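Structural description and commentary
As a plain string of letters, each chain reads:
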2 protein chains.
Amino acid sequence: MSEKNIPYKIYLNEDELPKVWHNIRADMKVKPAPLLNPGTREPMTAEELSHVFCDELVKQELDNTTHFIPIPDEIYKFYKMYRPSPLVRAYFLEDVLGTPAKIYYKFEGNNTSGSHKLNSAIAQAYYAKKQGLCGITTETGAGQWGTALSMACAYFKLDCKVFMVKVSYEQKPFRREVMRTYGASVTPSPSMETEIGRKILAEHPDTTGSLGCAISEAVEVAVKSEGYRYVLGSVLNQVLLHQSVVGLETKAALDKYSIKPDIIIGCAGGGSNLGGLIAPFMGEKLRGEADYRIIAVEPASCPSFTRGRYVYDFCDTGKATPLAKMYTLGSNFIPAPNHAGGLRYHGMSPILSQLYHDGYMEAVAVEQTSVFKAAEMFAKCEGILPAPESSHAIKVAVDEALKCKETGEEKTIVFGLTGTGYFDLVAYEKFHNGEMTDYIPTDEELAVGFAEIPEQ
Amino acid sequence: MSEKNIPYKIYLNEDELPKVWHNIRADMKVKPAPLLNPGTREPMTAEELSHVFCDELVKQELDNTTHFIPIPDEIYKFYKMYRPSPLVRAYFLEDVLGTPAKIYYKFEGNNTSGSHKLNSAIAQAYYAKKQGLCGITTETGAGQWGTALSMACAYFKLDCKVFMVKVSYEQKPFRREVMRTYGASVTPSPSMETEIGRKILAEHPDTTGSLGCAISEAVEVAVKSEGYRYVLGSVLNQVLLHQSVVGLETKAALDKYSIKPDIIIGCAGGGSNLGGLIAPFMGEKLRGEADYRIIAVEPASCPSFTRGRYVYDFCDTGKATPLAKMYTLGSNFIPAPNHAGGLRYHGMSPILSQLYHDGYMEAVAVEQTSVFKAAEMFAKCEGILPAPESSHAIKVAVDEALKCKETGEEKTIVFGLTGTGYFDLVAYEKFHNGEMTDYIPTDEELAVGFAEIPEQ
């Protein structure tokens, strides 16, 4: 197909919206390691998990073999509210870079949660509602997940309790207001409302909080409250499953124009966006049907892939969760306070960890001032102010496109633009004022986190 | 066409994007009254206007006869970055209301300026660039126009000086940061940087500012700076012309599915959104080819249509601009500080004023707490947090849909959802906290503004 026929934005028709989720585990010869009960070190059973998670989600969490899982009608209907999302050809960015590369991005920011997080939020809220629960609890870092879950809970009329990492709560008062608009309660974490919160505050009264700590609080409240379960916006297998809608749409849009990507790039905090974006492509790669370079981009200040250990670790700071085998910096690792935005989780999706470990993916760590520089350039030429998280992917997409400029290669680069930065203006302000700094933990600093990892 | 075949979101294909703007003046038997030189009371000549505005825009401002004006390629290319915008069937809202009405909204918020304002900003920046200018000056109230213009200027590498109404500048620090991201300078108005600003501050040191006052400052700087012109985001004929892209897309999307609207609703501050949305529909109405109810919605706190006078008045507080014949509250009218968001202009587009005067349109004034109530309901069911301005249209669309519920009529309602409320969370917070109040100026208060209107 001639280049000229490829529109700026490829929108699938509504009837082309994927009707199933793609379970990448079914394609994996080496499955991700199971969650372990930290007491017995035995794989967590469905029964054990059901105290924390909704029953149907437990089933999805443990299902390593079903290739495609139908998207229930109620979720499908909600998806139509904001999906399909556009796959955008970055013609303007290409011009500015003067690259022969062809750059596409899958833009997930055109909904009020401002990110891809809504794809899993609505699924998790649906299963909670279907189980007859009164409400769900969760944590949020940058605030995108909490906002998404608030929207989903408002839709299904479920109570929604959000523990928000304190530094984000303070930097992003407006995030809290959006969640309130959707009827959620938002508590800065660590808080005095939970045992673990009180314990953490006693030990570290000045802590700015972390995702791991907020998870501990949300899990505690879910387990202690009748009719509540806990939900998580990343890391888990079920979340990557729901996010596969991003990758399936991307692939369908590319296929429609017979475009084959060479490189697929996504930012990686807990891994939900990247895991979703790459699902069908990684499927082909695992089945030997196609080859792609797949690159995870993480912040240099929280480098779980590039400097973490691939071991069993707790998912939360309070060590209340099961053990997951993943690349981790230790469950008490907290990124330096100068780190702006999300991608501040100490661990990484067990699925992506296994794939990375097995050599199916690369990982790159980037520093935040370079990320904001790429973000600003992107905003100016593509007209979208990107979230700091998404901008990690922009940074590496730009780097790869510039390599193509040097070599003259016309590679096709696809990256995930997970969301918008409308609630990240404090960080942008710091960047404009020249007050933003970079931080790379020393080996000694990382050793403190590693010391907390349980014996294998 | 069966109801079921109408998708949630109607996206035109890229090749269906309008290639011309629709000049509604060509359809009007009674043309809008010309701008007058306040000294001579003679119609402003192109030469006189060219000191303030770009030459090509002056031509568009004065052109009452050309039906369709081609969209230049450079602008068309930029439009493709964020257009076509979706026409959304509000299935979720209809369900919640239990109405037999069919509700559609044209959503203009999916770009970083957050509103329809970009449609005219890019056009005005283009003509400034084409004329070889170094930069442009403008005012902004809620901040949408200033953001849009910053984006447009960044694209064409023009300097951009924005005077921002002081109350918005203080309530919306993040708006300022977005504009800075796009390289604009932003000054709270009234400021000490202009003669008129210093004069207004001397007389009213505690003023929270107004659009009329910010316009005066921006015009002063443009006229006094070599290589600069002034641009305006609403009111003017040229702006309505550019915004007709909204209406043309809306009509094309409706026609594609053989949908004929009964009622078309838009919020009205200076009139740019409403004037653009209704252009092709009003054209049919003026030519006697179709009939539509067309409703302008304005805030009760700034009721230019419903309580203003249809007379010649200044466009700015400093009385530096030409006189425009329009519905006006007097150029020194400043809405009460409790008024949240935009739609705070004392006057109204001369085109819309003439059409309203001639009975082609209705107008309704609504109070802001009822507007935010509608906004919150809409956010919960349609998944978009609307701008306060846009929510005026939502409020009346909901009212009309509820009337249909009473009568059982299956009317088709189309309204303009001009933008998102991501930078209006201070107002949402007030609403949630029960601190938002309504304000309806008394006749005595309005009389103060009317007293400033020049003799006719």
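Refer to the preceding data block for the structure.
Structure report, in brief. (Residues numbered from 1 in each chain as written. Chains lettered and ligands numbered in written order. Predicted model: local features only at pLDDT ≥ 70, side-chain atom pairs only at ≥ 80, totals over all residues. Heavy atoms only, no water.)

Let's talk about the sheet that holds strand β10 (residues 263-267) of chain A
Residues and elements named next belong to chain A. Spatial strand order, β1-β4-β5-β15-β10-β11-β14: seven strands in an open sheet with mixed pairing. Single-partner strands in this sheet number two, and they are β1 (9-10) and β14 (362-366). Both strand β11 (residues 293-299) and β14 contribute to a ladder of five bridges, which runs parallel. Counterpart to Val 297 in the pairing with β14 is Val 364. Against the sheet, helix α12 (residues 272-286) contacts β5 (102-107), β10, β11 and β15 (412-417), and its axis sits at roughly 155° relative to β10. (Pairing = 2+ DSSP bridges. Helix = DSSP H or I, 4+ residues; strand = E, 2+ residues; numbered from the N terminus. Contact = heavy atoms within 4.5 Å. Axes fitted to C-alpha atoms, helices over the stretch in contact; angles between N-to-C directions.)

Quick word on the interface of chain B and chain A
Between chain B and chain A, the contact holds 44 residues from the first and 44 residues from the second. Ranking the residues of chain B by area buried against chain A places Phe 174, Thr 181 and Tyr 422 of chain B at the top, with a combined share of 17%. Applying the counting rule to chain B against chain A returns four salt bridges. For the pair chain B and chain A, the interface holds 24 residue pairs in polar contact (both at pLDDT 80 or more). Breaking the side of chain B that touches chain A down by element, the ones donating at least two residues are α3 (73-82), α4 (91-97), α6 (144-156), α8 (173-181), α15 (368-382) and α17 (425-432) of chain B. A total of six residues in the side of chain B that touches chain A trace back to one element, the largest contributor, which is α8 of chain B. Residues that form the side of chain B that touches chain A fall into these classes: 23 nonpolar, eight polar and 13 charged. (Buried area = accessible area lost by both parts, 1.4 Å probe. Salt bridge = Lys/Arg side-chain N within 4 Å of Asp/Glu carboxyl O. Polar contact = N/O pair within 3.5 Å; in protein donor to acceptor, adjacent residues only side chain to side chain. Nonpolar A, V, L, I, M, F, W, Y, C, P; charged D, E, K, R; others polar.)

Digging into the nonpolar core
Of all hydrophobic cores here, the largest spans 248 residues; its most connected members are Met 361 of chain A together with Met 361 of chain B. Sequence-distant contacts of Met 361 of chain B, defined by excluding residues within four places in its chain, comprise Leu 274, Ile 278, Met 282, Ile 294, Ala 296, Phe 305, Leu 352, Leu 355 and Tyr 356 of chain B. (Core = buried A, V, L, I, M, F, W, Y, C linked by side-chain atoms within 4.5 Å. Buried < 20%, exposed > 50% of the residue type's maximum accessible area, 1.4 Å probe, protein only.)

Some points on the layout of surface pockets
Its volume calculated, the largest pocket comes out at about 710 Å³. Taken together, 34 residues line the largest pocket, and the ones lying closest to its centre are Tyr 11 of chain A together with Tyr 11, Leu 12, Asn 13 and Glu 14 of chain B. Listing elements by their share of the lining of the largest pocket, those giving two or more residues are β1 of chain A together with β1 (9-10) and α3 of chain B. Split by residue class, the lining of the largest pocket holds 17 nonpolar, four polar and 13 charged. Reported here for the second largest pocket is a volume of approximately 540 Å³. (1 Å grid on protein atoms, 1.4 Å probe; cavity = no way out; pocket = protein on both sides within 12 Å on 5 of 7 lines; lining within 4 Å. Points joined across faces, edges and corners; volume = space filled by probe spheres on them.)

Brief notes about the pattern of salt bridges
Tallied over the entire structure, the rule returns 58 salt bridges over all chains. Ionic pairing is found between Asp 95 of chain A and Lys 77 of chain B, a salt bridge with its closest N-O pair at 3.5 Å. One end of the pair, Asp 95 of chain A, is in helix α4 (residues 91-97); the other, Lys 77 of chain B, is in helix α3, on a second chain. Among the residues examined, Asp 95 of chain A registers a relative accessible area of 52% and is labelled exposed.

Quick notes on the packing of helix α9 (residues 195-203) of chain A against helix α10 (residues 211-224) of chain A
Residues and elements named next belong to chain A. In contact at an axis separation of 8 Å, α9 and α10 are set at 150° when each is read in the N-to-C sense. As judged from the angle between their axes, α9 and α10 are roughly antiparallel. Taking contact as the criterion, the partners of Glu 195, Ile 196, Gly 197 and Ile 200 in α9 are, on α10, Cys 213, Ser 216, Glu 217, Glu 220 and Lys 224. Its residues placed into classes, the contact of α9 with α10 shows three nonpolar, two polar and four charged. (Parallel < 35°, antiparallel > 145°, perpendicular 65-115°, else oblique.)

Regarding the packing of aromatic side chains
A complete count under the given rule lists 45 aromatic pairs over all chains for this structure. An angle of 50° between the planes, with centres 5.9 Å apart, marks the rings of Tyr 126 of chain A and Phe 156 of chain A as tilted. One end of the pair, Tyr 126 of chain A, is in helix α5 (residues 118-130); the other, Phe 156 of chain A, is in helix α6 (residues 144-156), and 30 residues separate them in sequence. Each member of the pair Tyr 126 of chain A and Phe 156 of chain A is classed as buried. In textbook terms, an aromatic cluster arises when at least three aromatic residues are bridged by ring pairs, as seen for Tyr 8, Tyr 91 and Phe 92 of chain A together with Phe 78, Tyr 79, Tyr 82, Tyr 126, Tyr 127, Tyr 155 and Phe 156 of chain B. (Phe/Tyr/Trp six-rings, centres within 6.5 Å; stacked < 30°, edge-to-face > 60°.)

A word on the pairing of strand β15 (residues 412-417) of chain B
Residue and element names in this part refer to chain B. Burial within β15 is extensive, with six of its six residues counted as buried. By the alternation rule, side chains of β15 split into Thr 412, Val 414 and Gly 416 and Ile 413, Phe 415 and Leu 417, which are all buried. Taken together, the six bridges between strand β5 (residues 102-107) and β15 define a ladder with parallel strand orientation. Note that in β15 the partner of Lys 102 across the bridge is Thr 412. Direction of pairing for strand β10 (residues 263-267) relative to β15: parallel, over a ladder of three bridges. For Ile 264, the partnering residue across the bridge sits in β15 and is Val 414.

Some words on the environment of Phe 281 of chain B
Residues and elements named next belong to chain B. Take Phe 281: it is sitting in helix α12 (residues 272-286). Sequence separation of Phe 281 and Ile 264 is 17 residues, and the distance between their C-alpha atoms is 8.8 Å. Once you skip the residues sitting within four places of it in the chain, Phe 281 turns out to touch Gly 247, Thr 250, Lys 251, Leu 254, Pro 261, Ile 264 and Tyr 292.

Quick word on the environment of Phe 78 of chain B
Structurally, Phe 78 of chain B can be placed in helix α3. Taking the C-alpha atoms as reference, Phe 78 of chain B lies 9.5 Å from Ala 123 of chain B; in sequence the two are 45 residues apart. Those residues in contact with Phe 78 of chain B that sit more than four places away from it in its chain are Phe 92 of chain A together with Leu 118, Ile 122 and Tyr 155 of chain B.

A few points about the state of the cysteines
Under the counting rule described, the total for this entry stands at zero disulfides over all chains. Here Cys 213 of chain A is not disulfide-linked; the sulfur of Cys 302 of chain A is the nearest cysteine sulfur, at 15 Å. The thiol sulfur of Cys 134 of chain B is not disulfide-bonded, and the nearest other cysteine sulfur, from Cys 54 of chain B, lies at 11 Å. Look at Cys 134 of chain B and you get partly exposed, because its relative accessible area is 43%. (Disulfide = S-S within 2.5 Å.)

Focus on unusual backbone geometry
Residue Arg 83 of chain A is joined to Pro 84 of chain A through a cis peptide bond whose omega torsion reads -10°. Relative to the helices and strands, Pro 84 of chain A resides in the loop between α3 (73-82) and β4 (87-89). Notably, Lys 319 of chain A is not glycine yet its phi reads approximately 55°, a positive angle. One can find Lys 319 of chain A in the loop between β12 (309-314) and β13 (323-328). Its identity is not glycine, yet Arg 41 of chain B carries a phi of approximately 60°, on the positive side. Residue position: Arg 41 of chain B is located in the loop between β2 (20-22) and α1 (46-49).

Overview of the relation of the copies chain B and chain A
Superposing chain B onto chain A requires a rotation of 180° together with a translation of 0.0 Å along the rotation axis, leaving an RMSD of 0.0 Å. Here the symmetry operator amounts to a two-fold rotation axis. Among all C-alpha atoms of chain B, that of Asn 110 of chain B lies closest to the rotation axis, at 3.1 Å. Comparing interface residues between copies, 100% of those in chain B also lie at the interface in chain A; the contact surface is shared. (Least-squares fit on C-alpha atoms with pLDDT ≥ 70 in both.)

Structural notes on the packing of α3 of chain B against helix α5 (residues 118-130) of chain B
Residue and element names in this part refer to chain B. Following both chains from N to C, one finds α3 and α5 inclined at 150°, their axes separated by 10 Å at the closest point. Between α3 and α5, the angle is such that the two are roughly antiparallel. When you trace α3 past α5, the crossing you get is right-handed. For the pair α3 and α5, contact is made by Glu 74, Ile 75, Phe 78, Tyr 79 and Tyr 82 and by Leu 118, Asn 119, Ile 122, Ala 123, Tyr 126 and Tyr 127, respectively. For the contact of α3 with α5, the residue count by class is nine nonpolar, one polar and one charged. (Left-handed = near helix turned anticlockwise from the far one by under 90°.)

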